[in-house]
Amino acid sequence: MTDLALWFDPSKCLINGEWVAPIKGGTLPLYDPSNGAEIGSIARGTAEDIDAAVAAAEAARSGPWGRMSAAERGRILMRLGRMVEERVDDLTRIEAIDVGKPLKQARADAVALARYCEFYGGAADKLLGETIPYLDGYTVYTLREPHGVTGHIVPWNYPMQIIGRSVGAALATGNTCVLKPAEDACLTALAFADMAKAAGLPDGVLNVVPGLGAEAGAALTAHPGVHHISFTGSVGTGIMVQEAAAKNVVPVTLELGGKSPQVVFGDADLERALPFLVNAGIQNAGQTCSASSRILVHRSVHDEVLERMAARYGALQVGPAMADLDVGPLISAKQQGLVSGFLGMAGDLETAAQGVLRDAPNGGYYVRPTLLAGVKPHHPLAQKEIFGPVQVVIPFDDEDEAVAIANGTDYGLVASVWTQDGGRQMRLARAICAGQVFLNNYGAGGGVELPFGGRGKSGHGREKGFEAMYGFTTLKTVAAWHG
Ligand code: NDP
């Protein structure tokens, strides 16, 4: 593990403030996506470790954490945010190696993690209840209370950001947490939990159990001691998580990705739009739930947009994370296979342009960014989430058709509209079915302050922003009769 220079042992879980070896599971190999080399091992937590973590989280509810003021919880989170800031370089290096992210993209995630801690630290003591006018002789008010033990299943694409937004909001509102990071990317989760301990988070409030989804993940989602589950990942696994939670009648937040469109009208400021059109598709090698994988372009500017996007694609450089190019490897050989399989479906579609590999080691999980043109809205590549650096360009003739195509998938996570016509901006912002609509910009993965979540197969519930504070609390109504 010398390359990683870790200050903790990733072959252990962090439960009740102690680093402990998995009770039964042993370890799993850890791979570097940039070259495919095995570089260490991580804990393979199983149901037994999840039991211990949930018990620790339950016990921590009645410890100092349960009696702590919201302001003090917030102070701990803000202290943690400052510690994250101080270690941004370490977190950047670890994430770049573990996930294959170019350094500047890994750094952006570490900075966002610090910002989530700051945001939710500041928000902790600003969550208010209401008084409700009722019958004569009554005073009625509401309390926002933590669910209790919250389970967090975090994927491999943005570990730091997703931990920040879900664990940050859960802690700010007084929950205790069990976090199951992805087997392909658990290092920054462990680093974060270790820093949280140093920041003064009481033992047992944040527990981390790395391991396989089908083992540790499934055990966490089915655990009767868990009171809320936050899941980010695929639709198929999200359905399993919701089914497991339903058996315990436990609420879930599901964030399941998308097929997010950017809609470009003839009057768009193309100079401004072009970088957003491409970056929103290739950021993190397209492995972004809110990636924009469909570019809908009015026929009057279609050829110009395609040509200018193609020029950008041709200049994209792909290589190892530490070379800090435009695009890194995919997370795993499995993901490389999935994306290559999708590209194999392109058939007679026009490949408008591809990025170039630069010093990409054999064995790394690389896929060349690919821009496809002449794509019909119902083609599988315009319908299915590819989760790789692939965008399709689709022409449209008028506003109604643009809306129909934009809404014509199973998903509804993010969209953007590029036009200078204010009325059209307002109409499309309402007509498009998505959790976020950007006008003349696009925020793939960004926006700590902005409520985020989907409709349709993109999931339900909202994380990020203040809205997440409602999701991580349950409302109690108190009706006092005093005559
Ligand atoms: P999964 O949905 O299977 O994985 C997401 C998380 O769920 C990981 O932490 C995983 O753990 C865990 N998990 C897996 N199985 C279970 C289970 N039965 N119960 C509870 N948790 C479980 O996605 P994949 O990693 O397999 O990626 C496949 C596809 O999913 C991608 O191509 C992409 O389309 C989509 N995806 C979407 C993401 C998003 O941000 N919306 C993020 C990641 C993937 P582990 O990895 O250890 O198995």
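Residues numbered from 1 in each chain as written. Predicted model: local features only at pLDDT ≥ 70, side-chain atom pairs only at ≥ 80, totals over all residues. Heavy atoms only, no water.

A closer look at the layout of surface pockets
The space that makes up the largest pocket amounts to roughly 1,300 Å³. W156, G233, S234, T237 and K334 are, among the 49 residues lining the largest pocket, the residues nearest its centre. Elements with a contribution of two residues or more to the lining of the largest pocket: β3 (27–31), α8 (213–222), β10 (228–232), α9 (235–247) and α12 (333–343). Considering each element in turn, the lining of the largest pocket owes the most residues, 6 residues, to α9. (1 Å grid on protein atoms, 1.4 Å probe; cavity = no way out; pocket = protein on both sides within 12 Å on 5 of 7 lines; lining within 4 Å. Points joined across faces, edges and corners; volume = space filled by probe spheres on them. Helix = DSSP H or I, 4+ residues; strand = E, 2+ residues; numbered from the N terminus.)

A look at the site of the ligand
Around the ligand lies a shell of 29 residues, among which W156, K180, E183, S234 and K334 are the nearest. Within the backbone of V154, a nitrogen or oxygen atom sits 2.9 Å from an oxygen atom of the ligand. Calculation on the ligand without its partners gives an accessible area of 860 Å², and the protein chains cover 89% of this total. When each cavity is represented as a set of grid points, the ligand is found to reside in the largest pocket. Counting residues per element, the ones that place at least two in the shell around the ligand are α8, β10, α9 and α12. Here the residues of the shell around the ligand sort into 14 nonpolar, 10 polar and 5 charged. Looking at the shell around the ligand, you find at least three residues from each of domain 1 (13–256 + 461–477) and domain 2 (260–456). (Near = heavy atom within 4 Å. Polar contact = N/O pair within 3.5 Å; in protein donor to acceptor, adjacent residues only side chain to side chain. Areas by Shrake-Rupley, 256 points an atom, 1.4 Å probe, with all protein chains shown as cover. Sits in = over half its atoms within 2 Å of the grid points. Nonpolar A, V, L, I, M, F, W, Y, C, P; charged D, E, K, R; others polar. Domains from an automatic or database assignment.)

Here's the deal with the packing of helix α5 (residues 103–123) against helix α6 (residues 159–172)
Where α5 contacts α6, the two axes come as close as 8 Å, and the packing angle between them is 10°. Compared by their axis directions, α5 and α6 come out roughly parallel. The segment α5 lies against α6, with A106, A108, D109, A110, A112, L113, Y116 and Y120 engaging M160, Q161, G164, R165, G168, A169 and A172. Here the contact of α5 with α6 is composed, by residue class, of 10 nonpolar, 3 polar and 2 charged. (Axes fitted to C-alpha atoms, helices over the stretch in contact; angles between N-to-C directions. Parallel < 35°, antiparallel > 145°, perpendicular 65-115°, else oblique. Contact = heavy atoms within 4.5 Å.)

Some words on the domain arrangement of the chain
As far as domains go, the chain holds domain 1 (13–256 + 461–477) and domain 2 (260–456). Surface buried jointly by domain 1 and domain 2 totals about 2,900 Å² across both partners, of which 55% is contributed by carbon and sulfur atoms. If you look at where domain 1 meets domain 2, you find 2 salt bridges. Between D324 and K104 there is a salt bridge; the shortest N-O distance is 3.4 Å. In this assembly, domain 1 and domain 2 are joined by 18 residue pairs in polar contact (both at pLDDT 80 or more). Elements represented by at least two residues in the side of domain 1 that touches domain 2 include exactly α4 (88–99), α5 and α6. (Buried area = accessible area lost by both parts, 1.4 Å probe. Salt bridge = Lys/Arg side-chain N within 4 Å of Asp/Glu carboxyl O.)

Points about the nonpolar core
One recurring pattern in soluble globular proteins is that nonpolar side chains are buried together. One finds L80, Y120, F192 and L206 to be the most contacted residues of the largest nonpolar core, which totals 62 residues. Tallying contributions element by element places α5 first for this core, with 9 residues. Contact partners of F192, with chain neighbours within four places excluded, come to L80, V84, L113, C117, I163, V167 and L206. Counting 54 residues, the second-largest nonpolar core is a separate cluster that includes Y313, L330, L349 and I432. (Core = buried A, V, L, I, M, F, W, Y, C linked by side-chain atoms within 4.5 Å. Buried < 20%, exposed > 50% of the residue type's maximum accessible area, 1.4 Å probe, protein only.)

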